[in-house]
Amino acid sequence: MAARGRTPQGSIRKNPRSGSFEVRVAGKSRSAPSKRAAERLRREMLIEHEVALARSGEQVDMTVAELLDRWLIDTGHRVATRTLHGYKTIARQIVDDDPRLAEMQTVEVRPIDIENHTQAVSANRGPATARATHRVLSTVFSLAERWELIRISPVRHARTPKVPRREQTVPTPSQVRQAIDAADPAFAVLIRVAIVTGCRRSEIAALKWEDVDFESRTLKISKAIDTTPGTGGDLKSTKTHASVVMGIDEATLAQLTAHRDAQLASPANGHIWSRHDDGVTPIRPDRVTALWAAVRSQVPDLDPNVRFHDLRHATATWAIADGIDPRAVADHLRHASITMTLDVYTAAVSRGRTTGQRVARILDGNDAVTQRIGTVDIDPQHQHGYVDD
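Since the structure is predicted, the reported quantities are computational estimates derived from the model, not experimental observations.

Looking along a regular strand, one sees side chains alternate from face to face of the sheet. As judged from the 5 bridges shared by strand E2 (residues 21–25) and strand E3 (residues 28–32), these two strands associate in the antiparallel manner. Within E3, the residue paired with valine 23 across the bridge is arginine 30. In this antiparallel pair of consecutive strands, E2 and E3, the connection spans 2 residues, and alanine 26 shows a positive phi of 55 degrees.

Here you go:
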């Protein structure tokens, strides 16, 4: 067996004459036309080098920390910015919290090492973070297995951390009406749109007047505000990377109309909710959370643990309790886990109109359904430790 050596990082250098970028990895060099293409080429050459070493019988000397770096490089261009930020956070926690595991050679890691780490994470950071850490390690070592750096992933035989099932309190129609009454006019409309549409806070913040069709009484959801730290609140695609047009009821439409008339000098394509009521700069999702906390404190009947995102849970709970087909509710909420093919555009709007109108009817005073609304069990596999924006 050849002598073991640390895996190369590779280098990128710009050629001042040609303007191209030279990529060097383990004595081999290739050129790329741009810095971005060069970085992509460096990733490919690193993978080729490590796979070649593994296939030749030479053991690749790579620590867990180095494997995490390789994984982040490999996956960074294929996931959303916020997802990558979450991955980086967990990778940093692994390295900082457990130097012993981080410095272990990848081929030496055993299932007990994985279990010891996730148990420590569960004790120090909570079961949900331990579950997320286990998922990251599973993905990382599966990648090493696919690259033939190891024969079998040690995570495969490690126990998955258990996350206790918890009860999530869902606000009743009466409680939400009280919250709307306690809010200022602009935020009251925002709460109503959130409960009727089931929108996430980042989707609410990204809405513009051009997304509202007052004639057909529909609302288009196609963008969200990026809440990743350091992004500056840029617009991005929705969590499911899909646009949807849903129907809205007359009462909600009337309140949107009044809000538009009251908004100061709002441009035609301005944001429905903005920082200065001028439609120019969208409201930040964390501001929505802060405003909700202030309103919640004014409603004695409302559980102080009810988050703004729980309005989305309420949308689903109210609708299903009122007899709406769960598949229609899932379509209305745009759940990414739906496996069935969505119907054609007009049918999707029709289902969205039915669900939204019935949720609005419940909100506006049909408390018969309230008796069937209490708490809902949240499956631990859906507890990621991150805010579902």
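Okay, the packing of helix H7 (residues 173–182) against helix H8 (residues 185–197) next. Where H7 meets H8, the axes come as close as 7 Å, and the angle between the chain directions of the two elements is 155 degrees. The orientation of H7 with respect to H8, classified from their angle, is roughly antiparallel. Counted together, Val176, Ala179 and Ile180 of H7 and Ala188, Ile191 and Arg192 of H8 form the full contact between these two elements. Classifying every residue of the contact of H7 with H8 gives 5 nonpolar, no polar and 1 charged.

What follows is about the sheet that holds strand E6 (residues 218–221). Across the sheet, which stays open at both edges, the 3 strands sit in the order E5-E6-E9 with antiparallel pairing between neighbours. Both outer strands of the open sheet, strand E5 (212–213) and strand E9 (244–247), are each paired with one neighbouring strand and no more. Two elements, E5 and E6, share 2 bridges in a ladder whose sense is antiparallel. Each residue of the ladder has a partner; that of valine 212, found in E6, is leucine 219.

It is worth spelling out the pattern of salt bridges at this point. A full pass over the atoms with the stated rule returns 14 salt bridges. Salt-bridge contacts for glutamate 39 lead to arginine 42; the nearest nitrogen and oxygen are separated by 2.7 Å. You can see glutamate 39 and its partner arginine 42 sitting in helix H1 (residues 35–55), 3 residues apart, about one turn around the helix. By relative accessible area, glutamate 39 is classed as partly exposed at 26%. We classify arginine 42 as buried; its relative accessible area is 11%.

Cut-offs applied
Residues numbered from 1 in each chain as written. Predicted model: local features only at pLDDT ≥ 70, side-chain atom pairs only at ≥ 80, totals over all residues. Heavy atoms only, no water. Pairing = 2+ DSSP bridges. Helix = DSSP H or I, 4+ residues; strand = E, 2+ residues; numbered from the N terminus. Axes fitted to C-alpha atoms, helices over the stretch in contact; angles between N-to-C directions. Parallel < 35°, antiparallel > 145°, perpendicular 65-115°, else oblique. Contact = heavy atoms within 4.5 Å. Nonpolar A, V, L, I, M, F, W, Y, C, P; charged D, E, K, R; others polar. Salt bridge = Lys/Arg side-chain N within 4 Å of Asp/Glu carboxyl O. Buried < 20%, exposed > 50% of the residue type's maximum accessible area, 1.4 Å probe, protein only.

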